[in-house]
Amino acid sequence: MIGIYAHHQGSGHLQRALAVAAELRDEVTILTSAPVAPGMNPDPKRVRILPLPLDHDGSATGVAPTAGGRLHWAPVHQPGLRRRMALLAEWIDRTEPALLWTDISVEVTLAARLTGTPVVATVLPGRRDDAPHALAHGVCSALVAGWPRSAGAPVPAGADRPLVPVGGVSRFAGRDPADARSVARGRGRPRVLHLRGSGGDAADPRWDAVRAQLTEVDWESLGGPGGRWVADPWDEMCRADVVVSAAGQSSIADLAAADAHVVAAPEARPFDEQDATAAHLERVGLGAVVRREDSVKDLVAAVRRALERARSTPGSGSGLREAWEVDGAAQRLAGVLESVAREPDAPRPFVLEPVAQGLVAQGAGR
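Residues numbered from 1 in each chain as written. Predicted model: local features only at pLDDT ≥ 70, side-chain atom pairs only at ≥ 80, totals over all residues. Heavy atoms only, no water.

## Some words on the sheet that holds strand β11 (residues 262–264)
Pairing within the open sheet is parallel, and its five strands lie in the order β9-β8-β10-β11-β12. Each edge of the open sheet is held by one strand with a lone partner, namely β9 (218–223) and β12 (287–289). Strand-to-strand, the axes of this sheet are offset by a mean angle of 20°, without reference to chain direction. Alignment of strand β8 (residues 191–196) against β9, held across six bridges, turns out to be parallel. What sits directly across from Leu195, in β9, is Leu222. Across the sheet, helix α7 (residues 249–257) lies against β8, β10 (242–245) and β11, angled at about 175° from β10, the strand it touches most. Most of the contacts of helix α8 (residues 273–283) go to β12, to which it runs at about 130°, and overall it touches β11 and β12. (Pairing = 2+ DSSP bridges. Helix = DSSP H or I, 4+ residues; strand = E, 2+ residues; numbered from the N terminus. Axes fitted to C-alpha atoms, helices over the stretch in contact; angles between N-to-C directions. Contact = heavy atoms within 4.5 Å.)

## Some points on helix α3 (residues 106–113)
Along α3, six of the eight residues are buried, which leaves the element largely enclosed by surrounding structure. Those residues of α3 not exposed but buried are Val106, Glu107, Val108, Thr109, Leu110 and Ala112. (Buried < 20%, exposed > 50% of the residue type's maximum accessible area, 1.4 Å probe, protein only.)

## Some details on the pattern of salt bridges
One pass over the structure, following the stated rule, counts 22 salt bridges. Between Arg46 and Asp43 there is a salt bridge whose closest N-O contact spans 3.2 Å. Among the residues examined, Asp43 registers a relative accessible area of 27% and is labelled partly exposed. With a closest N to O distance of 2.7 Å, Arg321 and Asp327 form a salt bridge. The buried category is assigned to Arg321, whose relative accessible area is 12%. The class for Asp327 is partly exposed, based on a relative accessible area of 36%. (Salt bridge = Lys/Arg side-chain N within 4 Å of Asp/Glu carboxyl O.)

## Examining the nonpolar core
In terms of nonpolar packing, the biggest core is built from 30 residues, with Val20, Ile30 and Leu337 touching the most fellow members. When contributions to this core are tallied by element, the ones reaching two or more residues are β1 (2–6), α1 (12–21), β2 (28–32), β4 (99–103), β6 (142–145) and α11 (329–342). Beyond its immediate sequence surroundings of up to four residues, Val20 is in contact with Trp101, Val169, Ala330, Leu333, Ala334 and Leu337. Within the second largest apolar cluster, 26 residues are counted, among which are Ala180, Val243, Ala264 and Val289. (Core = buried A, V, L, I, M, F, W, Y, C linked by side-chain atoms within 4.5 Å.)

Here it is as structure tokens:
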């Protein structure tokens, strides 16, 4: 049995958990407070979902929530937090999992390790050298990151070994974007897709002004407050000449799977998470990035530049799928988990070895 904790903020953590669970050979339990819609589970006979209560009451405050700066969120006398930790401990005691992968929570990482369960944790982008992160990193058997190797494999604060960059884990990795292009990119009126997700501030009024100025463009918006939601936006992403999106890890991984031409608009996040992802997207030269302080004029110019690039090669992709190492990413992460599950105290680091359909993570002693 391998356990996976998926954070409830946005949909990206759960989508990543489900993608990796599909690649694992062991039985899996996903523990999460996020809603899991019917049909999302890739293998209900092998993959179980254990719903957890939320660890808050809707308020961003609580009594002593950081335990003197040593934790991120553990307010005293919070009933949801107490119940979720009790459920976690009861599940560990009942199933004796070989491993728990946390994506992400300092508190769940520590709680699991205190039961003697080996833990692998996801490291998200941004500066994560605060005391809670350092503590959590230090108790893990391995650390993984959902970014390409070109973004680096640093030793995180508190850890004694480099993390393992597995590439962008996307629920769409098994699909070919060319199959969805019944209307080829680069022909007809320019098409822009604006993805307004579920995890952050999706109501930036600047984009309404951009849309009004780009009268030559067919503009479609998905998500956001009062917007149209599509459970599977694959076709829309593949057919758009340009996609405007926040810079969450799962958002960029999904767009990379679609080989989309991207204009990334990073939202404010703790530890500058989205800014770090957008910065690397800009460094690889396969996406435009706009800033929170940019004017409407700047945004219009960025979209037009992206459209010019996309339509200069009609029907082709951006190259982001290969650069972001989407193919095989979920398999590589699953390989790390299975290696730790077999040998939790084996020497590390992991190496990435080429195989026919991508790269596989292996322990040094495997």
